[in-house]
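# Structure assessment
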Amino acid sequence: MSDEPTEDELNRLLRAVAPSRELSAHESRQLREVLTKVVPAVRAVMRKQAAAIEEAARDGKLWEFLEQLRGKCAKCDQPPVLHITEVNSGTGEATNIHLCEEHAREYRDDRPSGTSRP
Ligand SMILES: [Zn+2]
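In this report, the structure presented in the accompanying data block is examined. (Residues numbered from 1 in each chain as written. Predicted model: local features only at pLDDT ≥ 70, side-chain atom pairs only at ≥ 80, totals over all residues.)

## A short note on the overall build of the protein chain
In terms of regular secondary structure, the protein chain is built from four helices and two strands. For the protein chain, the succession of helices and strands along the chain, N to C, is α-α-α-β-β-α. Computed over C-alpha atoms, the radius of gyration of the protein chain comes to 17 Å, more than 25% over the 13 Å expected from 2.2 N^0.38 for 118 residues, which places it beyond the range of a compact globule. For the protein chain, the C-alpha atoms occupy an extent of roughly 50 × 40 × 25 Å along the three principal directions. Counting all 118 residues of the protein chain, 3% fall into the buried class. Across the protein chain, every contact between residues at least 6 apart in sequence was considered, and the portion connecting residues at least 24 apart equals 51%. (Helix = DSSP H or I, 4+ residues; strand = E, 2+ residues; numbered from the N terminus. Rg over C-alpha atoms; globule rule 2.2 N^0.38 Å. Buried ≥ 20, exposed ≤ 12 C-beta atoms within 10 Å, placed from the backbone. Contact = placed C-beta atoms within 7 Å.)

This is how it looks when you write it as structure tokens:
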């Protein structure tokens, strides 16, 4: 089974990126390239998590697993409110990051959107 997005999915994602205007051929080509790498990476992470949940349930450790999954902020001991999957657009590698409210705010302030600057 291939994790690569279908042509339909790609077109839908591209429309979602810029709903109010047409993307240039160049933008469209670049975004397609990134999405073709990112979508399979995210799907692989989701499959891995689903498998880990099933395994924990089989071992009678589902509760511990869910507690661990809920985890704590990557930067402090507060409970996380924001869960981010960061994908390296070069390697297609995905990392999960959990942040508390305060550090989530910091994270957003640190990373101004690169694609929609005025
Ligand atoms: Zn924190």
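There's plenty left to go through after this.
## Remarks on the pairing of strand E1 (residues 82-87)
Judged from the six bridges that link them, E1 and strand E2 (residues 94-99) form a sheet pairing that is antiparallel. Bridge pairing in E2 places Val-87 opposite Ala-94. Connecting the antiparallel pair E1 and E2 is a turn made up of six residues, with Gly-92 showing a positive phi of about 75 degrees. (Pairing = 2+ DSSP bridges.)

## Some details on helix H2 (residues 25-58)
Helical geometry note: an α-helix holds 3.6 residues per turn, so side chains three or four residues apart project in the same direction. Given a rise of 1.5 Å per residue, 34 residues ought to cover 50 Å, and the 49 Å separating the end C-alpha atoms of H2 matches this to within 8%. One or two positions beyond H2, positive phi appears at Gly-60, with a value near 70 degrees. (Expected span 1.5 Å × (residues − 1).)

## Regarding the packing of helix H1 (residues 7-17) against H2
Following both chains from N to C, one finds H1 and H2 inclined at 120 degrees, their axes separated by 11 Å at the closest point. Considered as vectors, H1 and H2 are oriented oblique to each other. The handedness of the crossing between H1 and H2 comes out as right-handed. In contact with Leu-10, Leu-13, Leu-14 and Val-17 of H1, H2 contributes Ser-28, Leu-31, Arg-32 and Leu-35. Across the contact of H1 with H2, the residue classes break down as six nonpolar, one polar and one charged. (Axes fitted to C-alpha atoms, helices over the stretch in contact; angles between N-to-C directions. Parallel < 35°, antiparallel > 145°, perpendicular 65-115°, else oblique. Left-handed = near helix turned anticlockwise from the far one by under 90°. Nonpolar A, V, L, I, M, F, W, Y, C, P; charged D, E, K, R; others polar.)

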